[in-house]
Each structure stands twice: as structure tokens, then as C-alpha cells.
Amino acid sequence: MTAETTSRPLLADLRHDVAELAETDIVRVSVHGWGKKDLVPFWFGEGDRSTPDFIAKAASDALLRGETFYTDQRGIKELRDELVAYTARTFGVGVGDSQVSLVTAGMSGLYLVMDMLIEQGDEVVVVGPVWPNIYSTVTVHGGTVRDVSITLEEDGWELDLEALFAAVTDKTKAIFINSPGNPTGWLMEQDQQKAVMEFAREKGVWVVADEVYHQLVFDRDVAPSFLQVARPDDRLIVVNSFSKSWMMTGWRLGWLTHPAELAPVIAKLVQITTSGVPQFLQRGAIAALREGDQVIRDLRAQCQAGRDIVFDRLEAWPMVRAARPKAAFYAFFAVEGMSDSLEMAKRIIDEANVGLAPGSAFGPAGEGYLRLCFAASPETLKKGLDRLEPILGKGADQGRGD
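Residues numbered from 1 in each chain as written. Predicted model: local features only at pLDDT ≥ 70, side-chain atom pairs only at ≥ 80, totals over all residues. Heavy atoms only, no water.

Asks: Which parts of the structure should I look at to understand the pairing of strand 2 (residues 100–103)?
Replies: Each regular strand shows side chains that alternate between the opposite faces of the sheet. Burial of strand 2 is two-sided: the residues Val-100 and Leu-102 facing one way and the residues Ser-101 and Val-103 facing the other way are all buried. With 4 bridges joining them, strand 2 and strand 10 (residues 254–257) adopt antiparallel strand pairing. Bridge pairing in strand 10 links Ser-101 to Leu-256. (Buried < 20%, exposed > 50% of the residue type's maximum accessible area, 1.4 Å probe, protein only. Helix = DSSP H or I, 4+ residues; strand = E, 2+ residues; numbered from the N terminus. Pairing = 2+ DSSP bridges.)

Asks: Help me understand the sheet that holds strand 8 (residues 206–210), please; the structure alone is not making it clear to me.
Replies: Within a beta sheet, neighbouring strands are joined by backbone hydrogen bonds and run either parallel or antiparallel to one another. Spatially, 7 strands are ordered 2-10-9-8-7-3-4 in an open sheet, and the strand pairing comes out mixed. In the strand order of this sheet, the two ends are held by strand 2 and strand 4 (144–149), each with one partner. Between one strand and the next, the sheet's axes are offset by a mean angle of 20°, whatever the strand orientation. Of the strand pairs in this sheet, strand 9 (residues 236–241) and strand 10 are connected by 4 bridges, and their pairing is antiparallel. Paired with Val-239 across the strands is Leu-256, a residue of strand 10. Here helix 7 (residues 133–140) sits on the sheet and contacts strand 3 (123–128), strand 4 and strand 7 (172–178); the angle it forms with strand 4, its principal contact strand, is near 150°. (Axes fitted to C-alpha atoms, helices over the stretch in contact; angles between N-to-C directions. Contact = heavy atoms within 4.5 Å.)

Asks: What should I look at first to understand the sheet that holds strand 12 (residues 330–335) in this one?
Replies: The antiparallel open sheet is built from 4 strands, whose spatial order is 11-12-15-14. A single partner strand is all that each edge strand has here, and the edge strands are strand 11 (320–321) and strand 14 (357–358). Examined bridge by bridge, strand 12 and strand 15 (residues 369–373) share 5 bridges and lie antiparallel to one another. Directly across from Tyr-330, in strand 15, lies its bridge partner Cys-373.

Asks: Looking at this structure, how should I read the nonpolar core?
Replies: For soluble globular proteins, nonpolar side chains are generally found buried alongside one another. Among the nonpolar cores identified, the biggest contains 62 residues, and Leu-159, Leu-164, Val-196, Phe-226, Phe-242, Trp-246 and Leu-253 are the most heavily contacted of them. Those residues in contact with Trp-246 that lie beyond four places of it in its chain are Thr-51, Pro-52, Ile-55, Tyr-86, Ser-241, Trp-255, Ala-288, Leu-289, Gly-292, Val-295 and Ile-296. Of all hydrophobic cores here, the second largest spans 46 residues; its members include Trp-43, Trp-317, Ile-348 and Leu-372. (Core = buried A, V, L, I, M, F, W, Y, C linked by side-chain atoms within 4.5 Å.)

Asks: Would you mind showing me how to read a negative patch on the surface here?
Replies: Residues Glu-153, Glu-154, Asp-155 and Glu-158 make up a contiguous surface patch of negative charge. Along the chain, Glu-158 turns up in strand 6 (residues 156–158). (Patch = residues over 30% accessible without salt bridge, like charges linked within 9 Å, V, L, I, M, F, W, Y side chains within 5 Å. Areas by Shrake-Rupley, 256 points an atom, 1.4 Å probe, with all protein chains shown as cover. Salt bridge = Lys/Arg side-chain N within 4 Å of Asp/Glu carboxyl O. Lys, Arg positive; Asp, Glu negative; His and termini not counted. Charge placed at Lys NZ, Arg CZ, Asp CG, Glu CD.)

Right, here's the structure in full:
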């Protein structure tokens, strides 16, 4: 080993796109406020209720039975069968066992999708503002993101399909769409999904649809799914998760719905990464699918009540501009005069002891906004809103974050 080698910084040996990967602004804010006494945490995408007992019991019983060995890389057959049945009754779409694969969380599934699709120089068109990890996932695979932003109009968030289609180039490998959306609660209707699928089919690009909030919708039973407008051989992968609808964020369980031809590829990628989801956790997922419909209904009702509590206040604050979301559990609101949402979020922690996510975390179109997760009890929401009002409920000069 040469002196030059021993004196070289360790990070210099890493791939530059990994070593230079930026921390998300959500994490920066949480680090700023972590551990503060009596802080009201609206910054992360989860509620304040733990996983229902019957789901936890199914997993713990399996653990005590000794279901602790290696298992099928794409999930045990019993769970895959339940996912097939769930897809049929939820979306009215028939898929086969070879079209569903269990993964260790929706995020792991999305990373695995990029493992399959993205090579150096490929582009992914992303509809934003959007959950920030998609940007990093594309980047570390050598790809580039092309942003197309929805806009906040009088009637809510809207997507210009022509702008989306114009962003696709000969380097585009995939279009990424999160609907229902985080952070906006935007929901892509079926006519737009059909148009996107037809366009992707014509261009030969993939559609990667993040539909993890499909059950948390307020004006109907379930959100439209790309599965309902796709053919079996279409270039479509749908990412889903147990985290949100069944209150299982810490379990790290998700699934992919995909063309059957991808099943052996997914199995190989799972084998060389996680080697599969622990079987006892899969028993909890089976219980959630079989017995969790009331859990979903209760959570949806709680979130709808939480949405109305939050927006009744936000809409009364003159410096705030927002639209009540159709789905998910976030308020994503613009603040007049705010030019640095990260600094504003830090200020709110310091002065109000409330944790909000800065809009800058959600891509270029997110700056000027803050995100509040309203999947909390009415008491917690009212407590946090009371603290926010002295900062956000006054004149514009009171809320500048620059």
C-alpha cells in the first residue's frame, strides 16, 4: 500500500454519485428537532397509532412456532395468493401468482425496479412534487430525473398531460407517477391513466406507478389504478406497501405487481439483496389482507376527520394557500413570502415545537410549501395547529423563512 493510498480520504474511494448523495430536507428537519420535549411530530408519513393487535399476533404466533427460516424469495405462496385475491376484489383486475412479488418495503421494491430498468444515461420522467427518495434512487443507478410538476389551481392539483408527454425523450426509460400522491394528495383519474398508458405503449417506455395510498381516498372506495387500464404485456410495474393502510410502517413490507416475465428476475435480485422477507412477518401481512378491511375503513375515517380539522384552520389563515386533498393524509400548503421552506421548518420547530416537512424535500416544485401529516388524533392535531397559528395565522411578514 502506497503512502498516497493511505493518505487518500476514505470517501474518495466511493462512487461519486453515492458519496455526494444529498440528505433529504425531511431528515435535516427531523435532526434539528429530534429529541425535543413535547414536540408535535407532523413531519413523517405515518400516524400515531400502532399496528392492530390481530396483525401483530399473527406474526408473533408464527415467530413462536419457529417460522424463522429462509423462505421463497418472492414471498410464500399463501401470501402471494392473498395478494392475487386482494387485487381482484380491490381493483377488479385478475392477476396471476407470477405477477405479484413481496419485497422488503415499498422503498426496497422501488429500488429493485430501478435495478432492473436504469442504466447509465437513462432518464426517468417524474411527476412532482413527490416523495424525495425517487430522485436519489434514479441518481444512484446512473440515471437522470426530468421533472414535470402538477400545479395548484382553484379546484385542486392538476397535471398537464401534454407537458408530461413533451418531457419524454429518446433517453427516457420510465415515467414515474405517484397517485394518490405524497405530498399533495393529488389523484390521477382513470382517463389520464389511460392516456399515459397508451402513450407509454406507443413510445415503448415503462410506467412505474407508486400506489401505496390507494386505500386512503375520501370521495370513493379506492383510488384508480394503472392495473385497470393496462394489458398483461404492458410495461407497467405497480409499487405497493402495507405501511400506510394497515399502520405497518415499521414492518417494512411491500409488493410489486408486474409482468409475469419479470418474476424470475425479481427473485434473483431479492436473493442477492435481502434474501426475502422473514416468514413470520409475512403471516402478519396475510392477516392484514384477510381481516383488515375494518382497519382501513377506520383509518380512512380518522384521516378524513383529520383533514377537515387541519383545513378548517389553514383556510382561515390569510398567508396560506392550499387545496383539500382527495386522498393520502397530507396537507401541502403554500406560505406567502416564504422563500426557504427548510429554514422555515426549522424556525417552526424552534418557536412552536411542531415538526413539519419542508416543501424543498419534494423536488423543484415543492419550494414555497410545507407538508403536515394529518394522520393523527384530533387532540394532537388541534394542539399542533394552536402552536402554528401565531406563526402561520398572522400577516405575511410574520412568516417569512428567508
